[in-house]
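Listed below are the residues making up each chain.
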Amino acid sequence: MNTEHIKLPNSWSHRKLNEIATVTAGGTPSTKIPDYWGGDIPWMNSGEINLKRIKSVEGRITELGLSKSSTKIIPKNSILLALAGQGTTRGKVAINEIDLCTNQSLAAIMPSKECNYEFLFQNLESRYQELRKLSTGDSGRGGLNLTIIRDIVISLPPLPEQQKIADILTTVDHKLENIESQIAEYTKLKTGLMQQLLTKGIGHTKFVDSELGMIPEGWEIMMIRNIGEVITGTTPPTKNTEYYSDSRTEYLWAAPGDLGDNKYIHQTNKTLSKLGFQQIRRLPPKSILVTCVGSTIGKIGLAIKEMSTNQQINSIVCKKDVEPDFVYYYLQLKKDYIKSLAGTHAVPLLNKTSFSNILVPIPPLSEQIQIASILTSVDDKTESLQQKKQEFSNLKKGLMEQLLTGRIRVKV
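Residues numbered from 1 in each chain as written. Predicted model: local features only at pLDDT ≥ 70, side-chain atom pairs only at ≥ 80, totals over all residues. Heavy atoms only, no water.

To continue, consider the overall build of the chain. A tally of helices and strands in the chain yields 12 helices and 23 strands. Its C-alpha atoms put the chain at 70 × 55 × 40 Å along the principal axes. Classification of the 412 residues of the chain by burial places 46% in the buried group. The long-range fraction of contacts in the chain, counting pairs at least 24 apart against all pairs at least 6 apart in sequence, stands at 73%. As displayed, the chain has an accessible area near 20,900 Å², and 50% of this comes from carbon and sulfur atoms. (Helix = DSSP H or I, 4+ residues; strand = E, 2+ residues; numbered from the N terminus. Buried < 20%, exposed > 50% of the residue type's maximum accessible area, 1.4 Å probe, protein only. Contact = heavy atoms within 4.5 Å. Areas by Shrake-Rupley, 256 points an atom, 1.4 Å probe, with all protein chains shown as cover.)

The next point concerns the nonpolar core. Among the nonpolar cores identified, the biggest contains 33 residues, and Leu198, Ile224, Ile227, Ile288, Val327, Leu331 and Phe355 are the most heavily contacted of them. At the level of elements, helix 6 (159–200), helix 7 (224–227), strand 19 (288–291), strand 20 (300–303), strand 22 (313–318), helix 9 (324–333), strand 23 (359–362) and helix 12 (365–403) are the ones that each hand at least two residues to this core. When residues in this core are grouped by element, the largest group, 6 residues, is from helix 9. With residues up to four places along the chain from it excluded, the contact list for isoleucine 227 reads Met222, Cys318, Lys319, Val322, Val327, Val360 and Ile362. (Core = buried A, V, L, I, M, F, W, Y, C linked by side-chain atoms within 4.5 Å.)

If a probe the size of a water molecule is rolled over the atoms, the empty space left behind becomes visible. Tallied over the entire structure, the rule returns 1 cavity of 30 Å³ or more. For the largest cavity, the calculated volume is near 50 Å³. Around the largest cavity, the lining residues are Ile231, Thr232, Gly233, Thr234, Ile280, Arg281, Leu283, Thr309 and Ser315. (1 Å grid on protein atoms, 1.4 Å probe; cavity = no way out; pocket = protein on both sides within 12 Å on 5 of 7 lines; lining within 4 Å. Points joined across faces, edges and corners; volume = space filled by probe spheres on them.)

It is worth spelling out the pattern of salt bridges at this point. Enumeration according to the criterion identifies 19 salt bridges in this entry. We note a salt bridge from arginine 127 to glutamate 130, for which the minimum N-O separation is 2.9 Å. Of the residues examined, arginine 127 reaches a relative accessible area of 2% and is grouped as buried. For glutamate 130, a relative accessible area of 16% puts it in the buried group. Across the pair arginine 409 and glutamate 161 runs a salt bridge whose closest N-O atoms are separated by 2.7 Å. In this pair, arginine 409 sits in the segment after helix 12 while glutamate 161 sits in helix 6, placing the two residues 248 residues apart along the sequence. Overall, the relative accessible area of 4% leaves glutamate 161 in the buried class. Taken together, the salt bridges that share partners define one network made up of Lys52, Arg53, Glu118, Glu125, Asp173, Glu177 and Lys396. (Salt bridge = Lys/Arg side-chain N within 4 Å of Asp/Glu carboxyl O.)

The strand order across the open sheet formed by 5 strands is 2-9-6-7-4, and the pairing between neighbours is mixed. In the strand order of this sheet, the two ends are held by strand 2 (21–25) and strand 4 (53–54), each with one partner. Where strand 2 and strand 9 (residues 106–111) come together, 5 bridges link them in antiparallel fashion. For valine 23, the partnering residue across the bridge sits in strand 9 and is isoleucine 109. In this fold helix 3 (residues 117–125) packs onto strand 4, strand 6 (79–82), strand 7 (93–96) and strand 9, with an angle of close to 160° to the strand it touches most, strand 7. (Pairing = 2+ DSSP bridges. Axes fitted to C-alpha atoms, helices over the stretch in contact; angles between N-to-C directions.)

A few words on the packing of aromatic side chains. For the structure on display, the rule yields 5 aromatic pairs. When the centroid spacing of 4.4 Å and the interplanar angle of 15° are considered together, the rings of tyrosine 251 and phenylalanine 277 count as stacked. Here phenylalanine 277 lies in helix 8 (residues 274–277) and tyrosine 251 lies in strand 16 (residues 251–254), a separation of 26 residues in the sequence. Each ring, one from tyrosine 328 and one from tyrosine 329, has its centre 5.0 Å from the other, and the planes form 75°; the classification is edge-to-face. Just as tyrosine 328 is buried, tyrosine 329 falls in that class too. (Phe/Tyr/Trp six-rings, centres within 6.5 Å; stacked < 30°, edge-to-face > 60°.)

Following the sequence through the fold, threonine 309 ends up in strand 21 (residues 308–309). Threonine 309 has contacts with Gly233, Thr234, Trp253, Ala254, Leu283, Leu289 and Ser315, leaving out every residue within four places of it along the chain.

Estimates place the volume of the largest pocket at around 920 Å³. Taken together, 28 residues make up the lining of the largest pocket; nearest its centre are Lys52, Glu125, Asp173, Leu176 and Lys396. Secondary structure elements with two or more residues in the lining of the largest pocket: strand 4, helix 3, helix 4 (128–134), helix 6 and helix 12. With 7 residues, the single largest contributor to the lining of the largest pocket is helix 12. Per-class residue counts for the lining of the largest pocket are 9 nonpolar, 7 polar and 12 charged. Of the pockets and cavities examined, the second largest pocket occupies roughly 350 Å³. Around the second largest pocket sit 18 residues that line it, and Lys190, Asp261, Gln332, Asp379 and Thr382 are the ones nearest its centre. Listing elements by their share of the lining of the second largest pocket, those giving two or more residues are helix 6, helix 9 and helix 12. (Nonpolar A, V, L, I, M, F, W, Y, C, P; charged D, E, K, R; others polar.)

In short, shape yes, function no, at least from these values alone.
Right under this line is the structure:
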């Protein structure tokens, strides 16, 4: 957040970054000279900025590589800022908790004694969108440079207040890191459970060969078209505005971007009016939605209530003796395989016939329900953690807006 034009408390001051820190950039030793690489000196690339707190990096260079390039040793507790990078990288910041070198796409900001490094990190992290707007060139390929970085204005409280603000925000960071660690553990657990339960089942000792390899005795192999009806979505005429609704309370109409984040589809970016909903095929609750066009092929979701989709999604309405949750998890396990069926066309496309012919192992209904229940319990825990993460993220955003501007003062 840019506080340059905000009235500050009397004890605060506006300072340019180059007045309170040394700003430099790194470099890359020649990759053509093997003697420059594989040494003991950590060397960081811009992609590792997402680690946020840098405890280790993959790259290593030698003393010779250090001396023969523009890279340099950056002392620990500096702030690293991505000057360039694909996607969302540019403008992100991190703290190096070890001495290291960086490539030329990272700026290193080494605070002076009058600036707390954690405070400066929190300040710059809160200004991500501002930093991206400061980039030279267009928004997609623009870059930051050292001149821009050095001219950034920091709203600086006295050092003891900096420390207190940093402590509060860092406490929230640690909570978020703990939640993210738990999410990662549950994600790993789910991956292992899916691989085990969806191919070997529960408590089986006898297995038979099949088109999908060894499966438990008593399971069947069925094509998707035999476990339920496959329905390709449609789009009501866009010229008729009466078919569409601006209200989230109207009828859900899913596109690929609405799938993939959570198991159930609670809302969609676009909705239909009652009239529009009557024009197209409706899907009952528990329908399985799978994207079949473009880069999002294989994204999957379950309808939580009656809804519809556009033509980039194929849906499965399962028969009564097939548990939709079980099929959902199996298709999730086979996401990469589903993608591979689309080929390498400029615009990947998994046609309805190929999708309908995908093979699925089907246990007896009672076992399907049992397996789905186990995996659902892991999903529920993960979703609860995701909600908690969002709550703490919102808390931190609010604290940043208040504490880093002096609107709320801390007791020192």
